[in-house]
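# An overview of the molecular structure
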Amino acid sequence: MAGPRDWEAREPRRSGMVRRVLPTLLAFAVILGGLAYLGGDLRELLGTAPGSSRSAAATHRLYQETRPVDGRCGTLPRDLDADLTTSLEALGGCLDRMWADTLARAGIDYEPPEELRLVDAPEEAACGIDDYDWAGIYCPEPRVVNVLVEGERAFPMMFTLAHEYAHHVQEVSGIADRRGSEAFDEAWSRRLELQADCLAAVTLRAAAPRRLESLRRLAGRGSGADEGVEAAYRQSHGSGASSAEWMRRGQEGGTVGSCNTWAAPAESVS
C-alpha cells in the first residue's frame, strides 16, 4: 500500500497541476494570438495600417496597371444645361468607354450597368429603399445606376452620374468586395464614397474642368444642411473637406491610383 499511496501523494499532484495549468496557458496563447490577428485587421480597416498587403482594396491592380483615364467626351452638347437628358445620356456613353478602356489595361472585363435610369422621383429607383433623400444611387443588384433629374444645372447631376458609375466600377473590379465587420461599416463606407468622389473627378476633369473646380469648392464649404443630417452624412460619406480633397486628387492626378482611399490614413477619410 505504501507504493500506491506514495504515487498518489506525489506524482498525480504534479500531473494534475499540469493538466489544470496547461489548458489555461494554451487558451491564453490563443487569445493573445487572436487579438494580434484581429488587431491587424482592425488597424487595416480603420486606415491605421496604410498600404497593408492584406487589404485587397488597397493593393488592387487597377492602381498600378492603368495610365491616366482618357476623360474626353466629344458627344457632350456645347450647352450642357439646354437638354439635361441629352447631356446625362451622352456622359453615360462616355463613362462606359472610359472605364472599359481603363479596366482592359489591367486585364479586367468591364460590363456596362444593366441600366442607366434617369428618374423624376426617388421612388422610381431600381432598388427598393426607404430613405429617399438622395440625388443618385447605385443598385449592386441588378447593377443599375439611378440619377434624380431635378433643377436646371446639368453639372451637379453629371457629377452624381459619374459618382454612381464609380460605384459600378468598384463593383465590377472587385474593389467593393472588402467590407469589414458590421461594427465598422461606416469606416468602410467613407472610403468607398470618397473614392467614388475622386473617380468621378478623374472622369470629368477634361469634360468640364471649371465646373468641377466650382463644385469642389462648394463641397469644401459643406452642404449647409441641418447639423444632425450633416453629421449622419459625414459618418457614411466623409466630410465636405475630405470630399473636396479627394476630388482635387482625382482632378489633378487623373488616374485610379490617385484615388486609393483604402491606403490612406484615417484622418484623410474622415
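In this text the structure is predicted, and so the values were computed from the model without any measurement. (Residues numbered from 1 in each chain as written. Predicted model: local features only at pLDDT ≥ 70, side-chain atom pairs only at ≥ 80, totals over all residues. Heavy atoms only, no water.)

## Examining the packing of aromatic side chains
Enumeration according to the criterion identifies one aromatic pair in this entry. Note on Trp188 and Trp262: the rings are 6.5 Å apart at their centroids and 50° apart in plane angle, and the pair reads as tilted. Taken together, the residues span a long stretch of sequence, with Trp188 in helix α6 (residues 185-204) and Trp262 in the segment after α9 (240-253) at a distance of 74 residues. Of the two residues examined, Trp188 and Trp262, each falls in the buried class. One Lys or Arg, Arg249, reaches over the ring of Trp246 and ends 4.0 Å from the middle of that ring. (Phe/Tyr/Trp six-rings, centres within 6.5 Å; stacked < 30°, edge-to-face > 60°. Helix = DSSP H or I, 4+ residues; strand = E, 2+ residues; numbered from the N terminus. Buried < 20%, exposed > 50% of the residue type's maximum accessible area, 1.4 Å probe, protein only. Lys NZ or Arg CZ within 6 Å of the ring centre and 35° of its normal.)

## A look at the packing of helix α4 (residues 84-105) against helix α5 (residues 154-173)
Interaxial distance between α4 and α5 falls to 10 Å at its minimum, and their mutual angle equals 30°. What the angle tells us is that α4 and α5 run roughly parallel. Between α4 and α5 lies a crossing of right-handed hand. Residues Leu84, Leu88, Leu91, Gly92, Leu95, Asp96, Trp99 and Leu103 of α4 form the contact with α5, whose participating residues are Ala154, Met157, Met158, Leu161, Ala162, Tyr165, Val169 and Val172. (Axes fitted to C-alpha atoms, helices over the stretch in contact; angles between N-to-C directions. Parallel < 35°, antiparallel > 145°, perpendicular 65-115°, else oblique. Left-handed = near helix turned anticlockwise from the far one by under 90°. Contact = heavy atoms within 4.5 Å.)

## Observations concerning the nonpolar core
Leu95, Trp99, Leu103, Met158, Leu161, Leu204 and Trp262 are the most contacted members of the largest nonpolar core, which has 57 residues in total. For this core, the secondary structure elements donating two or more residues are α3 (61-65), α4, β3 (144-148), α5, α6, α7 (209-220) and α9. Considering every element that reaches this core, the biggest residue donor is α5, with 11 residues. Setting aside residues up to four positions removed in sequence, Trp262 forms contacts with Ala57, Ala58, Tyr63, Ile175, Trp188, Arg191, Leu192 and Gln195. (Core = buried A, V, L, I, M, F, W, Y, C linked by side-chain atoms within 4.5 Å.)

## Some remarks on a negative patch on the surface
A contiguous patch of negative charge, built from Asp109, Glu111, Glu114 and Glu141, is present on the exposed surface. Examined against the element boundaries, Glu111 turns out to sit in the loop between α4 and β1 (115-119). (Patch = residues over 30% accessible without salt bridge, like charges linked within 9 Å, V, L, I, M, F, W, Y side chains within 5 Å. Areas by Shrake-Rupley, 256 points an atom, 1.4 Å probe, with all protein chains shown as cover. Salt bridge = Lys/Arg side-chain N within 4 Å of Asp/Glu carboxyl O. Lys, Arg positive; Asp, Glu negative; His and termini not counted. Charge placed at Lys NZ, Arg CZ, Asp CG, Glu CD.)

## What about the pattern of salt bridges?
Side-chain pairing between opposite charges can occur once the charged atoms of the two side chains come close. In this structure the tally under the stated criterion is eight salt bridges. Note that Arg117 and Glu115 form a salt bridge whose closest N and O atoms lie 3.1 Å from each other. The class of Arg117 is partly exposed, set by a relative accessible area of 25%. For the salt bridge of Arg248 with Glu252, the shortest nitrogen-to-oxygen distance reads 2.6 Å.

## Here we look at the environment of Tyr63
Here Tyr63 shows up in helix α3. We classify Tyr63 as buried; its relative accessible area is 10%. With 196 residues separating them in the primary sequence, Tyr63 and Cys259 have C-alpha atoms 8.3 Å apart. Beyond its immediate stretch of four places on either side in the chain, Tyr63 contacts Ala57, Ala58, Ile175, Gln195, Val256, Gly257, Asn260 and Trp262. Only 2.8 Å separates the side chain of Tyr63 from the backbone oxygen of Ala57, close enough to count as a polar contact. Looking at Tyr63, its side chain comes within polar contact range of the side chain of Gln195, at 3.0 Å. (Polar contact = N/O pair within 3.5 Å; in protein donor to acceptor, adjacent residues only side chain to side chain.)

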